[in-house]
Amino acid sequence: MKHTAAVLALLAPLGSLGAQPTADSWRARVSTMMRDTVLANGLTVVVAEKHTTPLATIEVTFRTGAVAQKPGEEGIAHLLEHVLFRSYGEEGEFAGDVANLNGTYNGTTGEEQVNYWITVPSKEAVNAVRVIAKLVRNSTFRSRELNSEKRIVVDELARNSSDAGSRLPHLVGSRLWGDDWTRKNPGGTRESVEAVKLERLQALYAEQYVPANAAIVV
């Protein structure tokens, strides 16, 4: 929510160059654009309105990521993000549902959060909420999706390992954090990714992908 407020403040129109806005005026402007509430099930809902373009982005963020990993399973949170898109229904069904809304989508995994988002024409916002809700609530994991995504993630790791710009942060992080590097390393290694079992992936999903551990931003 802090990041959302900061972005909204940066995007808000600046007025005349001679009159610089104060911190209080920025807060007042953001408060008129953004509303947030916590539902009975613990889900945080943030609605940020800006009517400059007829688009809507629906993003679900979970308070998880590398921080939820155990030693030896580095990369499992990132692998779960990949598998979730393929576990939505039949092969290609999620991409098809988003395409039917003339939308785009993606996901990211970090140290302490995993994000999924869809951007659509604003008239399709309600339908996009339904699609992303199905993605994060009703996915069924199967071995074939897990094995397919393992190969994709391992290929990503191989490409990153050949790039000095990607290797350097990994080297510095592992030296800096030592035994705690497990909880700071979203990517993992080929060995740790290939070792992930379907049952462990399902357990992590059941534990972390719950309303009280999530926020939806529209």
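Computed from a prediction, not measured in an experiment: that's the story for all the values here. Numbering of residues starts from 1 in each chain and follows the order in which that chain's sequence is written. Totals for whole chains, interfaces and linings use every residue, but because this is a predicted model, local features are given only for residues with pLDDT of at least 70 and side-chain atom pairs only at 80 or more, for both listing and counting. The basis for every side-chain value is the complete set of heavy atoms in the structure, and neither hydrogens nor water enter the calculation.

## A closer look at the overall build of the protein
What counts here: Strands here are runs of E lasting at least two residues and helices are runs of H or I lasting at least four, both read from the DSSP assignment and numbered beginning at the N terminus. Classification of residues uses two cut-offs on accessible area relative to the type maximum, computed with a 1.4 Å probe and protein chains only: under 20% is buried, over 50% is exposed, and between them is partly exposed. Every residue pair with non-hydrogen atoms within 4.5 Å of one another is taken to be in contact. To be clear on the numbers: accessible area is Shrake-Rupley with a 1.4 Å probe, and residue cover counts the displayed protein chains and nothing else.
A tally of helices and strands in the protein yields 9 helices and 6 strands. Per-residue burial over the protein gives 40% buried out of 218 residues. Taking all contacts inside the protein whose residues are at least 6 apart in sequence as the whole, residues at least 24 apart take part in 75%. For the protein, the exposed surface amounts to about 12500 Å²; the carbon and sulfur share of it is 56%.

## Here we look at the pattern of salt bridges
The line we're drawing: In the sections that follow, a salt bridge refers to a side-chain nitrogen of Lys or Arg positioned within 4 Å of a carboxyl oxygen of Asp or Glu.
With the rule as written, the count across this model stands at 9 salt bridges. R86 is the salt-bridge partner of E149, the closest N and O atoms lying 3.1 Å from each other. Of the two residues, E149 is situated in helix α6 (residues 143-161) and R86 in helix α3 (residues 76-86); the sequence distance between them amounts to 63 residues. A residue is classified by how much of its surface remains accessible, and E149, at 5% relative accessible area, is buried.

## Regarding the pairing of strand β4 (residues 104-109)
Side-chain positions along a regular strand alternate between the two faces of the sheet. Quick reminder of the rule: For two strands to be treated as a pair, DSSP must find at least two bridges joining them.
Relative to strand β5 (residues 114-121), β4 runs antiparallel, the two sharing 6 bridges. Each bridged residue has a counterpart across the sheet, and for Y105 the counterpart in β5 is I118. Between β4 and β5, which follow one another and run antiparallel, lie 4 residues.

## Some details on the packing of aromatic side chains
How we decide: Side-chain rings of Phe, Tyr and Trp (the six-membered ring for Trp) are treated as a pair once their centres are within 6.5 Å; stacked means planes under 30 degrees apart, edge-to-face means over 60, and tilted covers the remaining angles. Whether a charge sits over a ring comes down to the Lys NZ or Arg CZ being within 6 Å of the ring centre and within 35 degrees of the ring normal.
One pass over the full model with this rule turns up 10 aromatic pairs. In this structure an aromatic cluster arises from ring pairing among F62, F85, Y88, F94, Y105, Y116, F141, Y205 and Y209. A cation sits over an aromatic face here: K134 above Y88, 4.5 Å from the ring centre. Geometry around W177 places K184 over its ring, the cationic atom sitting 4.5 Å from the centre.

## Description of the confidence of the model for the protein
As a reminder of what qualifies: Scored between 0 and 100, pLDDT is the confidence that the predictor attaches to each residue.
In the predicted model, the protein carries a mean pLDDT of 86, and the fraction of residues at 70 or more is 87%. This stretch, residues 1-17, has a pLDDT under 50; its non-local contacts, to residues over four places away or in other chains, come to 20 contacts.

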